[in-house]
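Residues per chain, in single letters:
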Amino acid sequence: MTVDLVTPVRVAPGLAPDLAARDAADTLGLTDKAHGRRLRDTLLAELRDLQAKLWAEDRRALLLVLQGMDTAGKDGTIRRVFTGVNPQGVRVAGFTAPTSNELDRDYLWRVHQVVPRRGELGIFNRSHYEDVGVVRVLDLVPAERWRARYRHINDFERLLTDEGTVIVKVFLHISRDEQRERLQARLDDPAKRWKFNRADLDMRARWDDFIAAYDEAIAETSTEWAPWHVVPADRKWVRDAIVARLLVTTLQDMDLRRPDADPDLDGIVIE
């Protein structure tokens, strides 16, 4: 059975995603965990081949932007979906609170430095969207500044795409109840307690503010050249299958080509 995992999650330009109305536990037609994992494994095999073509072609890059509330599964998505790809061709960048050096420059400075090179598959674990999300909710800059950033971001992403970087933006959408369970699991497991930060509770208390911020940011920055995708992430096996499908479909649409072999090499025998 063929399941469309792309159309239902894509946010059309100019439309609000209405996150509060979306079911974070939606399976999008995947029948069960076994079905989801089989599909994911099939897609990962395709992803490995497509990554090799991207690397060999060496003309374009793909950038996956991962955003989501705390515990949404950004780390888990990277760990599971990129299993088996060639690490030489993957660049992962994580964005935490900016350093003093970064704060002395424009907010996109640190982002532009780590975009993938031609031939690479890049991953942003959080991204420049923190500067219209966390910055907004915590009131770190005036509203007129973070609102202007929607235009900056759209122009920045247009620059990247014009120069050969294809962008896939994913918001991992979990429910408030699921976040509670995941945070509690971290507290209850001594091996995972290091992941817990008391600040997570402060952020959780602002849940509605963050959802409102992401709703607006996604609506303002889902463009034809860099559309957003809201991926239901309460079920990890659904999340992984959808992200794998998005990457495979995007790379297939790029019509990647390995370079033609040098005809002068025909007939050479290595002795």
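Computed from a predicted structure; not experimentally measured. (Residues numbered from 1 in each chain as written. Predicted model: local features only at pLDDT ≥ 70, side-chain atom pairs only at ≥ 80, totals over all residues. Heavy atoms only, no water.)

1. Focus: the packing of aromatic side chains
Rules: Paired rings are identified among Phe, Tyr and Trp, the last through its six-membered ring, by centres lying within 6.5 Å, and are further divided according to the angle between planes into stacked (under 30 degrees), edge-to-face (over 60) and tilted (the rest). Helix and strand definitions follow DSSP, with helices as H or I runs of at least four residues and strands as E runs of at least two, each counted in order from the N terminus. Type-normalised accessible area, obtained with a 1.4 Å probe on protein chains alone, sets the label of each residue: buried when under 20%, exposed when over 50%, and partly exposed for intermediate values. Charge-over-ring contacts are defined here by two conditions on Lys NZ or Arg CZ: a distance within 6 Å of the ring centre and an angle within 35 degrees of the ring normal.
One pass over the full model with this rule turns up 4 aromatic pairs. Taken together, a centroid distance of 6.3 Å and an interplanar angle of 75 degrees make the contact between Trp146 and Tyr150 edge-to-face. Of this pair, Trp146 and Tyr150 both sit in helix H6 (residues 143-162), 4 residues apart, roughly one helical turn. Of the two residues examined, Trp146 and Tyr150, each falls in the buried class. On the numbers, 4.7 Å between centres and 50 degrees between planes, the contact of Phe171 with Tyr214 is tilted. Taken as a pair, Phe171 in strand S5 (residues 165-173) and Tyr214 in helix H9 (residues 207-221) lie far apart in primary sequence, 43 residues in all. Take Phe171 and Tyr214: they sit in the same class, and that class is buried. For the cation-ring pair, Arg105 lies above Trp109, with the distance from its terminal atom to the ring centre recorded as 4.3 Å.

2. Some details on the side chain of Asp200
Formally: By definition in these notes, contact holds between two residues if any of their heavy atoms fall within 4.5 Å.
As for its placement among the helices and strands, Asp200 is situated in helix H8 (residues 198-205). Those residues in contact with Asp200 that sit more than four places away from it in its chain are Asp70, Leu183, Arg186 and Lys195.

3. Considering helix H10 (residues 236-253)
Keep this limit in mind: A helix is expected to reach a length of 1.5 Å times the quantity of its residues less one.
Its 18 residues place the ends of H10 26 Å apart at the C-alpha level, agreeing with the 26 Å of an ideal helix rising 1.5 Å per residue. Within H10, 13 of the 18 residues are buried, leaving the element largely enclosed by the surrounding structure. Asp255 lies just past H10 and shows a positive phi near 50 degrees.

4. Overview of the pattern of salt bridges
Which entries qualify depends on this criterion: Salt bridge, as used here: a side-chain nitrogen of Lys or Arg that lies within 4 Å of a carboxyl oxygen of Asp or Glu.
Summed over the entire model, instances satisfying the criterion amount to 20 salt bridges. With a closest N to O distance of 3.0 Å, Arg117 and Glu120 form a salt bridge. Owing to a relative accessible area of 51%, Arg117 belongs among the exposed residues under this scheme. Glu120 sits in the buried class, given a relative accessible area of 3%. Taking the shortest distance from any N to any O, the salt bridge between Glu163 and Arg118 comes out at 4.0 Å. Placement of the pair is Glu163 in the loop between H6 and S5 and Arg118 in the loop between helix H4 (109-112) and strand S4 (121-125), with a sequence separation of 45 residues. Exposure remark for Arg118: the relative accessible area of 49% places this residue in the partly exposed category. Overlapping salt bridges, with partners in common, bring together Glu57, Arg59 and Arg60 in one network.

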